[in-house]
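Descriptive structure summary
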Amino acid sequence: MAAPESRGPGADARLDQETARWLRWDKNSLTLEAVKRLIAEDNKEELRKCFGARMQFGTAGLRAPMGPGISCMNDLTIIQTTQGFCRYLEKQFSDLKQKGIVISFDARAHPSSGGSSRRFARLAATTFISQGIPVYLFSDITPTPFVPFTVSHLKLRAGIMITASHNPKQDNGYKVYWDNGAQIISPHDKGISQAIEENLEPWPQAWDDSLIDSSPLLHNPSASINNDYFEDLKKYCFHRSVNRETKVKFVHTSVHGVGHNFVQSAFKAFDLVPPEAVPEQKDPDPEFPTVKYPNPEEGKGVLTLSFALADKTKARIVLANDPDADRLAVAEKQDSGEWRVFSGNELGALLGWWLFTSWKEKNRDRSALKDTYMLSSTVSSKILRAIALKEGFHFEETLTGFKWMGNRAKQLIDQGKTVLFAFEEAIGYMCCPFVLDKDGVSAAVISAELASFLATKNLSLSQQLKAIYVEYGYHITKASYFICHDQDTIKKLFENLRNYDGKHNYPKACGKFEISAIRDLTTGYDDSQPDKKAILPTSKSSQMITFSFVNGGVATMRTSGTEPKIKYYAELCAPPGNSDPEQLKKELNELVSAVEEHFFQPQKYNLQPKGD
């Protein structure tokens, strides 16, 4: 995301300075010519878009459209970013030249600006190798989780993945992992950001990516990591004999991304017949021609071709990865003939239950429970908390995003604890802690084994999900968002909630629903704590308020770090035994409507509802 551009007397001078540097430094003829053309046409508006503000390096790294200028992903901004990251790592690790880093990439490309993930990865590798630092550069596309896996497995100092995950096709991104195998958290983002600003001029060999091919510092980890990842994955196969015999058929789509070969290999590692691949979406294609958005979280629209193939091949389960294969959606054909797409929370309940059940089979000694943990983000369903309370293991929640769960999981593992599972509602699952991030490849094959096992008991995923809710209490969730491009409006909306009945008073009710507790992670306030201070870390740069209601409902409103959205997440948690899901759904829908009407006030703030 780029910072808002500045206007005013100094802005044009800054613009001229930035474009002059660009003309001096850019050696990519396509982006260079594009900038020269804009200058010749005196197209100030377009120049401001390209040069008004540099992409901001955050904990998620960079994500922006590919194209010319400092606000976009291109050869020069990749070189500048990597030079800053390299200098920052040199300061942090005295053994960087012995240990090295890993770099991989997805299949994104943008012919009009000459940018592609593969090219960006090569330029990043060139930067490090020119400074005498070993680089493990994959020779071909991989899923994102292969980067954190390689960092941990080879004990490297950092990892870079060039991907924009499920963003629109014109975007790309630069995702960074620390030496612990998890995504970076603050203050590293600020340190890297500052180092980028101090290293903008390309180093002498920055553009000469041919020098890496003959360098003894360049290593290709593709074959060994491919082997070792699937060897480690085999440890999470609990029912090999069931897998060999199963009649359950699967369809898989990689949505024009990188997942196909890796999911095929994962099924083979589990002795499962590999899934039927959706032929139109099986091979990587940066144009994503068959989908409006390459995001399986958007549900049925992305899965149309998968359902058609499944109906044709009599498959009951569809598995869908996003383009960089770190997330997974699952759908199951119901007896009615309808397809049910499980939400991230529902699949989180199924996988959490399964991984605990399978672990318990192997660990009969109940004393091990006290060192066993599951994690989820604070906006995800609390179903794992309910399972943990009844079964006796620990549950912890973290801030939103796998960077928090990955770092917390690593801390627990280093203390000798077992982390069985972590998930977030945005269809991200960490089923195997040898990857300290979400992993759609392992989640796909573990979901397949779960479905195969349940079939031996004549149970579907939907029936098992119901059984989980009956045993541990129904957890009904609903999440959506409003679109708002104006930061000031977003600020006003949240300030209104903090000063609801006069100054410094949060609301006491939302429509007819009485509020029992409020936690504001922007300000650090939590009235359920004795000292009124929130336990989770707070961040002034993003908005996030959670309301707990007397009826057992919870609603969180938060801003997105990567999109112009105000998101909400609502859940109604019932104790075991309250088994009228329809009544609970009705009550949750009423609660959500009240939150939309009284807290979002879409008319007052001119918010655009989520499109279909």
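For clarity, every value in this text was computed on a predicted model and none was experimentally measured.

With that settled, consider helix α15 (residues 383–391). All of the buried residues along α15 are Ile 383, Leu 384, Ala 386, Ile 387, Ala 388 and Glu 391. Check the buried side of α15 and you find it contacts α14 (344–362), β14 (372–377), β15 (394–398), β16 (418–424), α18 (461–472) and β18 (475–483).

Attention now moves to the packing of aromatic side chains. Applying the stated criterion to the full structure yields 27 aromatic pairs. Taking the centre distance of 5.1 Å and the plane angle of 45° together, the rings of Trp 354 and Phe 453 count as tilted. On the criterion of sequence distance, the pair formed by Trp 354 in helix α14 and Phe 453 in helix α17 (residues 440–456) is long-range, its members being 99 residues apart. What makes Trp 354 buried here is its relative accessible area of 1%. Since its relative accessible area comes to 17%, Phe 453 is described here as buried.

Glancing now at the domain arrangement of the protein. By domain assignment, the protein separates into domain 1 (11–226), domain 2 (236–472) and domain 3 (474–609). Each of domain 1 and domain 3 has a C-alpha centre, and these two points are 37 Å apart.

Our focus in this paragraph is the packing of helix α11 (residues 260–269) against α17. Between α11 and α17, the least distance of the axes is 9 Å, while the angle of their chain directions is 40°. If you check the angle between α11 and α17, you find them oblique. Relative to α17, the crossing made by α11 is right-handed. Facing Phe 262, Val 263, Ala 266 and Phe 267 of α11, the residues of α17 in contact are Val 441, Ala 444, Val 445 and Ala 448.

So, on to the UniProt feature "domain: Alpha-D-phosphohexomutase alpha/beta/alpha" (unreviewed entry) in the protein. Residues annotated by UniProt as "domain: Alpha-D-phosphohexomutase alpha/beta/alpha" (unreviewed entry) correspond here to residues 55–200, 228–333 and 344–471. What you have in residues 228–333 is 38% helix and 16% strand, and the ends, taken at the C-alpha atoms, are 34 Å apart.

Here Cys 432 lies in the loop between β17 (428–430) and α17. Once the C-alpha coordinates of Cys 432 and Asp 335 are considered, the two residues, 97 residues apart in sequence, prove to be 32 Å apart. Look past the residues within four positions of Cys 432 in its chain and what remains in contact with it is Leu 233, Tyr 236, Ser 442 and Ile 446.

Take Ser 186: it is sitting in the loop between β7 (171–177) and α8 (188–197). Each C-alpha atom, one on Ser 186 and one on Pro 433, is 22 Å from the other, the two residues being 247 residues apart in sequence. Polar contacts involving the side chain of Ser 186 include one to the side chain of Asp 189, which spans 3.1 Å.

Membership of the largest hydrophobic core comes to 171 residues, with the highest contact counts inside it found for Phe 85, Tyr 174, Phe 421, Tyr 429 and Met 557. With 10 residues, the top contributor of residues to this core is α17. Dropping the residues within four chain positions of it, Phe 421 is found in contact with Gly 348, Leu 351, Gly 352, Leu 355, Tyr 373, Met 374, Leu 375, Leu 384, Tyr 429, Met 430 and Cys 431.

Read across the open sheet, the 6 strands follow the order β1-β7-β6-β2-β5-β8; overall the sheet is mixed. Of all the strands in the sheet, the pair left with one neighbour each is β1 (62–65) and β8 (218–219). Across 2 bridges, strand β5 (residues 135–137) lies against β8 in parallel orientation. Residue pairing across strands places Val 135 opposite Leu 218, the latter belonging to β8. Across the sheet, helix α6 (residues 117–130) is in contact with β2 (101–105), β5, β6 (158–162), β7 and β8; its angle to β2 comes to roughly 165°.

Right, let's talk about the pairing of strand β24 (residues 565–573) for a bit. Extensive coverage of β24 is indicated by the burial of 9 of its 9 residues. Neither face of β24 is left uncovered, since the one carrying Lys 565, Lys 567, Tyr 569, Glu 571 and Cys 573 and the one carrying Ile 566, Tyr 568, Ala 570 and Leu 572 both have all their residues buried. Pairing of β18 with β24 involves 9 bridges; the strand directions are antiparallel. Considered in β24, the bridge of His 475 is made with Cys 573. Sheet topology note: the strand β23 (residues 553–559)/β24 ladder contains 7 bridges and is antiparallel. Pairing of Ala 555 across the sheet is with Ala 570, part of β24. As consecutive antiparallel partners, β23 and β24 are separated by 5 residues.

The subject of this paragraph is the environment of Gly 132. Mapping Gly 132 onto the fold places it in the loop between α6 and β5. A sequence separation of 83 residues divides Gly 132 from Ser 215, and the C-alpha atoms of the two residues are 9.7 Å apart. Discounting chain neighbours no more than four positions away, the residues touching Gly 132 are Lys 97 and Leu 217.

Further remarks concern the sheet that holds strand β12 (residues 328–333). The pairing of strands in a sheet comes from backbone hydrogen bonds and takes either a parallel or an antiparallel form. The strand order across the open sheet built from 5 strands is β10-β9-β11-β12-β13, with neighbouring strands paired in mixed fashion. The two strands at the open ends of the sheet, each matched to only one other strand, are β10 (276–277) and β13 (339–341). With 4 bridges connecting them, strand β9 (residues 250–253) and strand β11 (residues 317–321) associate as parallel partners. Counted as the bridge partner of Val 251 is Val 318 from β11.

This paragraph deals with the packing of helix α4 (residues 75–92) against α8. With their axes 7 Å apart at the nearest point, α4 and α8 run at an angle of 120° to one another. In terms of orientation, α4 lies oblique with respect to α8. Crossing geometry of α4 relative to α8 is assigned as right-handed. Mapping the contact onto sequence places Gln 80, Thr 81, Gly 84, Phe 85, Tyr 88 and Gln 92 in α4 and His 188, Gly 191, Ile 192, Ala 195 and Ile 196 in α8. Looking at the contact of α4 with α8 residue by residue, the class counts come to 5 nonpolar, 6 polar and no charged.

This brings us to the state of the cysteines. In total, this model carries 0 disulfides according to the counting rule given. The closest cysteine sulfur to the non-disulfide-bonded Cys 237 is located on Cys 432, 11 Å from its own sulfur. Given a relative accessible area of 12%, Cys 237 falls into the buried group.

Cut-offs applied
- Along each chain, the written sequence defines residue order, and numbers are assigned to residues from 1.
- Local features are withheld for residues below a pLDDT of 70 in this predicted model, meaning they are given only at 70 or higher, and side-chain atom pairs are given and counted only at 80 or more; totals for whole chains, interfaces and linings count all residues.
- For side-chain calculations, the full set of non-hydrogen atoms in the structure is used, while hydrogens and water are omitted.
- Burial here depends on accessible area, computed with a 1.4 Å probe over protein chains only, as a share of the maximum for the residue type. Under 20% is buried, over 50% is exposed, and the range in between is partly exposed.
- Under the scheme used here, helices are H or I runs from DSSP no shorter than 4 residues and strands are E runs no shorter than 2 residues, and both carry numbers assigned from the N terminus.
- Contacts are assigned to residue pairs that have any heavy atoms within 4.5 Å of one another.
- Stacked, tilted and edge-to-face are the three classes applied to pairs of Phe, Tyr and Trp rings, where Trp contributes its six-membered ring and a pair requires centres within 6.5 Å; stacked means planes under 30 degrees apart, edge-to-face means over 60, and tilted covers the rest.
- Segmentation of the chain into domains, including their bounds, is taken from an automatic or database domain assignment.
- Between N-to-C directions, angles span 0 to 180 degrees; the directions come from axes that are lines fitted to C-alpha atoms, helices contributing only their stretch in contact.
- Throughout this description, any angle smaller than 35 degrees is read as roughly parallel, any larger than 145 degrees as roughly antiparallel, any in the 65 to 115 degree range as roughly perpendicular, and the remainder as oblique.
- With the far helix as reference, a near helix turned anticlockwise by less than a right angle produces a left-handed crossing, and one turned clockwise produces a right-handed crossing.
- UniProt positions are given in the numbering used here, feature names are shortened, and annotations may be inferred rather than shown by experiment.
- Any N or O atom pair separated by 3.5 Å or less is treated as a polar contact, with the protein-specific requirement of one donor-capable and one acceptor-capable atom, and with residues adjacent in sequence counted only for side-chain atom pairs.
- The definition of a nonpolar core used throughout is a set of buried Ala, Val, Leu, Ile, Met, Phe, Trp, Tyr and Cys residues joined through side-chain atoms within 4.5 Å.
- When DSSP finds two or more bridges between a pair of strands, those strands are recorded as paired.
- Residues are sorted three ways: Asp, Glu, Lys and Arg are charged, Ala, Val, Leu, Ile, Met, Phe, Trp, Tyr, Cys and Pro are nonpolar, and all the rest, Gly among them, are polar.
- Throughout, disulfides are identified as pairs of cysteine sulfur atoms within 2.5 Å of each other.

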